[in-house]
Amino acid sequence: MAKQTQTFFLEEWLKANSGAISNTNSTNSTPQSARAIIQAWADLRESLQQKSFTQQHYQSLQTLLNSGIALYVADPQVKLILAILSAPDLSLPSESYPLFLRLLYIWVRKSSKPSPVFINSSINVLFQLFSSQSVTNKSSLFFTEFLLLLGAFSFIPSIPETTRTQCLDFFCKIMEEEYKLVSLFDDLVPSVLSGIGYALSSSGSIHFIRILDTLFGIWNKEGGPSSSVQHGLMILHLVEWVLYNCIQSHEKIIIYSREILESHKSQYASFSIVMGAAGALRASNRSISSGLMELRSSAEKRLEIIANEYVSTNGNDSVLLQCISLALARSGDVFSREKHSLLLCLTSAILTEILPLKRFYTNIYMNSSNKGNHEVKEHLHSVIFKEAGVITGVFCKQYAQANEGSKNKVENLIWDFCQDVYMSHRQVALFLKGKDEELLQDLEKITESAFLMVVFFSLAVTKQKLVPNIPKEIQLDISVKILISFSCLEYFRRMRLSEYMDTIRGVAGSVQENEAACVSFVESIPSYGDLTKVHVSSNKMEFTWCKDEMQTSRILFYLRVIPTCAEYIPSSVFRKTVAPILFLYMGHPNGKVTRASHSTFVAFISSGKDYDDERVSLKEQLVYYYMQRSLEGYPGVTPFEGMASGVAALVRYLPAGSPCIFYCVHCLVEKASSLCSEFPKEPNSLNDLHDELEPCKKLLDLLLRLLSLVDIQVLPSLMKLLAQLVVELPEDGQNMVLNDLFAQVADSDDVTRKPTLVSWVQSLSYLSSQATIKGGGHRKHEKSNAIIWNKGRLFGLNRIFARM
């Protein structure tokens, strides 16, 4: 609205604010050179002189209008136009009349002080043209331009009142009698509305009421223009423009409030009244005038009345629903009073019009993807979708004002929406994958907006519900539902949002210390059977659980949240619900998922009390399968860091001497032995050794770390198995392990196990050297540096022992 005073043409300003695509020459124009414009005027003069209007002259007329808003029409050109239009012996093609009227309109709007003489002459010529039977039958475009020009003439401050009244009388007559002629095409509506705007701003009380009746009643008349969101937005900004121009006319503001906002007239289209009320609110936002402030109260009441009628009758008017949303989005804060019908309308609009995913999913299944692609692309470019963020903000504000009953109803609708999107989008994604990737990408642009809407709404819910005066049971229920909803839409989280993190921290903190809430959240996770359900494709039975990206994202969300509340998850629930999924996703090809699986295992192993026999028993049972799943996927799928953290947790938190710790050590040594058997007998260099056998070295490092972690009961078994493994290694492998052992034992502060480890390292070093010498006796060609290396190793060993 700030640029309104810089806009010469009201219709262009209305189209810009409504998102309409202009089809007029004034905007879809290519700049013309000064030479071309001068030549065009010269051609028109020639037509008058020659008394012949040819196709070339018509092209010159179009050249002028192709200059768009850059064109300026001065008084001499106006004189020429009027002479051509009034020439009795000059036959003009019917399609040229609207273009001449447009040139006069440009002159009126861009001239700072139009000549009164030319104004009177122009009006006389207009009336003569309209009374000509040959012209009135020509086209709707002529009537549109005629109305626009009449409105523009009436808007000129300097014209006599008699002339203004004459223009307004004629304007009202045409609108009331010939409205069908100006309503045939949607692209004519902006010009008609602009003419109405000019006329309203300049009319007296009688004409003001007549024009208002036309403006709001034409949409329900037979043959009138079709209602649309773009037309509604034009009405909104037209009313804003008119009322702001009428700040000094308190009488007009009273009339508008009485006729449009306070009275109910069935002949008026509801969507136009909604936008008319929003326009009044925008005008009041820009002024401290007492008249406009009184108007605001009436406008808010009218919006709520229409919204309440829609809700109470279970309305199904898509245009009205979208207009209510845009009206609230563009008119600032609107406060509901009792029934909060505006909130319910916004909820319905968001779920069915702004984010119409359910409709799109159904249409994609029932129709061809080509039709679905068209629908989705059209929606992505619509005004309602582009303003989804603003509407969501208004939605959250309306929610904060609502009563508990309305809040609960809206919350449940949003949580159900999240579940529906999760189920439906997964199916559509499988259906479109590899067939129509473009449609799938466009759908996900809408679902990303859905995710953002849910995040901001959930944050608003936490601010209202996670407060001290709300019962704890309600807080926990809300927290669990938000977590479940987030898990459903986690796949669409493509950016880092502080609002998302704030909400997660709030609801997770509420859940993680309550056992009932933890159980409720955990039991909402999809079952193992659902996750691994067989998908039939092209007569083939395929398991798609690891290819289902949306399902994987949801499980990843659970695997990230469950560790925060593992302490309060009962053993029976973990065994039945979490453990199967935990071990399933340890074999997932996505590294984030496998790491999260290991983290969940670590969280459970480290949770609970030592005296909880049932929990300890479950932990020990899980260890056996954990080691199998981890090592069978190592080094391909299983991340070493995840497995290392799991091993460290189980040896630290399970009871000392537990059989499963012995089993863990045995499995690690066995796997390391299998990997180390691939050591090349004579590697080219140590670099090659590191590159080729990095997985083996990591396992050896883990086993060395366990020397300081396992309890004293397990330590002897570990040392024995590790010694057997080291002795079997090639010489270079022995050297690496012994070097690490020397350093680890030297730095150890554990006075209990250090003497044992020192003795063990000495024995292991001796055994290794003997194995090397024995193996060397059977080689025909011993490497020259082998003896040097052994001497260096023994020398280093003596130095370390001295430090010990």
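Residues numbered from 1 in each chain as written. Predicted model: local features only at pLDDT ≥ 70, side-chain atom pairs only at ≥ 80, totals over all residues. Heavy atoms only, no water.

1. Things to note about the overall build of the chain
- Of the regular secondary structure elements, the chain holds 39 helices and 2 strands.
- In the chain, the share of contacts with a sequence separation of at least 24, taken over all contacts with a separation of at least 6, comes to 77%.
- Roughly 36,000 Å² of accessible area belongs to the chain as shown, and the carbon and sulfur atoms make up 52% of that amount. (Helix = DSSP H or I, 4+ residues; strand = E, 2+ residues; numbered from the N terminus. Contact = heavy atoms within 4.5 Å. Areas by Shrake-Rupley, 256 points an atom, 1.4 Å probe, with all protein chains shown as cover.)

2. Brief notes about the side chain of arginine 109
- Structurally, arginine 109 is set in helix 5 (residues 97–110).
- We note that arginine 109 is buried and unpaired, the nearest opposite charge coming from glutamate 11 at a distance of 6.6 Å.
- Looking at arginine 109, its side chain comes within polar contact range of the side chain of tyrosine 198, at 3.1 Å. (Buried < 20%, exposed > 50% of the residue type's maximum accessible area, 1.4 Å probe, protein only. Lys, Arg positive; Asp, Glu negative; His and termini not counted. Salt bridge = Lys/Arg side-chain N within 4 Å of Asp/Glu carboxyl O. Polar contact = N/O pair within 3.5 Å; in protein donor to acceptor, adjacent residues only side chain to side chain.)

3. Looking at the state of the cysteines
- Per the counting criterion, the structure on display carries 1 disulfide.
- The residue that forms a disulfide with cysteine 676 is cysteine 696, at a sulfur-sulfur distance of 1.9 Å. One quick way to see it: the torsion about the S-S bond of cysteine 676 and cysteine 696 is about 40°, and its sign makes the bridge right-handed. Linking cysteine 676 in helix 33 (residues 659–676) with cysteine 696 in helix 35 (residues 694–706), this pair joins segments that are 20 residues apart in sequence. For the pair formed by cysteine 676 and cysteine 696, the shared burial category is buried.
- The thiol of cysteine 664 is unpaired, and the distance to the nearest cysteine sulfur, on cysteine 667, comes to 7.1 Å.
- Note on cysteine 664: relative accessible area 0%, which makes it buried. (Disulfide = S-S within 2.5 Å.)

4. Examining the pattern of salt bridges
- With the rule as written, the count across this model stands at 29 salt bridges.
- With a shortest N-O distance of 3.6 Å, arginine 296 and glutamate 300 are connected by a salt bridge. Note that arginine 296 and glutamate 300 are positioned in helix 15 (residues 290–312) at a spacing of 4 residues, about one turn of the helix. The same class applies to arginine 296 and to glutamate 300, which are both buried.
- With its nearest N and O atoms 2.9 Å apart, the salt bridge here joins arginine 426 to aspartate 548.

5. Here we look at the environment of glutamate 437
- Here glutamate 437 lies in helix 23 (residues 437–465).
- At 2.8 Å, the side chain of glutamate 437 and the backbone nitrogen of glycine 434 are in polar contact.

6. Quick look at helix 2 (residues 34–50)
- The end-to-end C-alpha distance of helix 2 is 24 Å, a good match for the 24 Å that 17 residues give at a rise of 1.5 Å each.
- Buried positions along helix 2 lie against helix 3 (55–65), helix 4 (75–86) and helix 5. (Expected span 1.5 Å × (residues − 1).)

7. Topic: the packing of helix 16 (residues 318–330) against helix 21 (residues 388–401)
- Running from N to C, helix 16 and helix 21 point in directions that differ by 80°, and their axes come no closer than 9 Å. Considering their axes alone, helix 16 and helix 21 lie roughly perpendicular with respect to each other. Where helix 16 abuts helix 21, its residues Ser325, Leu326, Leu328 and Ala329 lie against Val390, Ile391 and Val394.
- Tallied by class, residues from the contact of helix 16 with helix 21 come to 6 nonpolar, 1 polar and no charged. (Axes fitted to C-alpha atoms, helices over the stretch in contact; angles between N-to-C directions. Parallel < 35°, antiparallel > 145°, perpendicular 65-115°, else oblique. Nonpolar A, V, L, I, M, F, W, Y, C, P; charged D, E, K, R; others polar.)

8. As for helix 5
- Here helix 5 is 14 residues long and its end C-alpha atoms lie 20 Å apart, about the 20 Å a rise of 1.5 Å per residue gives.
- Burial analysis of helix 5 places 14 of its 14 residues in the buried class, the great majority of the element.

9. Focus on the environment of serine 630
- Of note, serine 630 is situated in helix 31 (residues 613–632).
- A relative accessible area of 1% places serine 630 in the buried class.
- Taking the C-alpha atoms as reference points, serine 630 and alanine 644, separated by 14 residues in sequence, lie 9.9 Å from one another.

10. Here's the deal with the side chain of glutamine 475
- Mapped onto the secondary structure, glutamine 475 falls in helix 24 (residues 472–489).
- Look at glutamine 475 and you get buried, because its relative accessible area is 11%.
- A polar contact is formed between the side chain of glutamine 475 and the backbone oxygen of valine 467, at a distance of 2.9 Å.
- The residues touching glutamine 475, leaving out its near neighbours within four places in the chain, are Lys465, Leu466, Val467, Ile470 and Ser510.

11. Observations concerning the confidence of the model for the chain
- Overall, the prediction assigns the chain a mean pLDDT of 87, with 88% of residues at 70 or greater.
- The model gives residues 1–6 a pLDDT under 50, and that stretch makes 9 contacts with residues more than four places away or in other chains.
- Across residues 22–28 the pLDDT falls below 50, and counting only partners more than four positions away or on other chains, this stretch makes 17 contacts in the model. (pLDDT = per-residue confidence, 0-100.)

12. Let's talk about the packing of aromatic side chains
- Per the counting criterion, the structure on display carries 32 aromatic pairs.
- For the pair tyrosine 365 and phenylalanine 431, a centre-to-centre distance of 5.4 Å together with 50° between the ring planes defines the contact as tilted. One end of the pair, tyrosine 365, is in helix 18 (residues 357–366); the other, phenylalanine 431, is in helix 22 (residues 404–432), and 66 residues separate them in sequence.
- Assessed through its relative accessible area of 39%, tyrosine 365 is described here as partly exposed.
- Joined through ring pairs, the aromatic side chains of Tyr97, Phe127, Phe130, Phe142, Phe143, Phe146 and Phe170 make up one cluster.
- Lysine 407 extends its terminal NZ or CZ atom over the ring of tyrosine 399, reaching a point 5.5 Å from the ring centre. (Phe/Tyr/Trp six-rings, centres within 6.5 Å; stacked < 30°, edge-to-face > 60°. Lys NZ or Arg CZ within 6 Å of the ring centre and 35° of its normal.)

13. What about the environment of serine 606?
- Its location among the elements puts serine 606 in the loop between helix 30 (591–605) and helix 31.
- Accessibility expressed as a relative area gives 30% for serine 606, which makes it partly exposed.
- Residues serine 606 and tyrosine 653, 47 residues apart in the sequence, show an inter-C-alpha distance of 5.8 Å.
- Of note is the side chain of serine 606, whose polar atom sits 3.2 Å from the backbone oxygen of alanine 603.

14. Quick notes on a nonpolar patch on the surface
- A cluster of nonpolar side chains, contributed by Tyr365, Met366 and Phe431, occupies part of the molecular surface with about 320 Å² of accessible area.
- The class of phenylalanine 431 is partly exposed, set by a relative accessible area of 30%. (Patch = residues over 30% accessible without salt bridge, like charges linked within 9 Å, V, L, I, M, F, W, Y side chains within 5 Å.)

15. Considering the packing of helix 9 (residues 161–177) against helix 10 (residues 189–202)
- One way to put it is that helix 9 packs onto helix 10 with a least axis distance of 11 Å and a crossing angle of 140°. One element, helix 9, and the other, helix 10, form an angle in the oblique class. Helix 9 and helix 10 meet at a crossing whose hand is left-handed. Seen from helix 9, the contacting residues are Arg164, Leu168, Phe171 and Met175; seen from helix 10, they are Val192, Gly195, Ile196, Ala199 and Ser202.
- Its residues assigned to classes, the contact of helix 9 with helix 10 comprises 6 nonpolar, 2 polar and 1 charged. (Left-handed = near helix turned anticlockwise from the far one by under 90°.)

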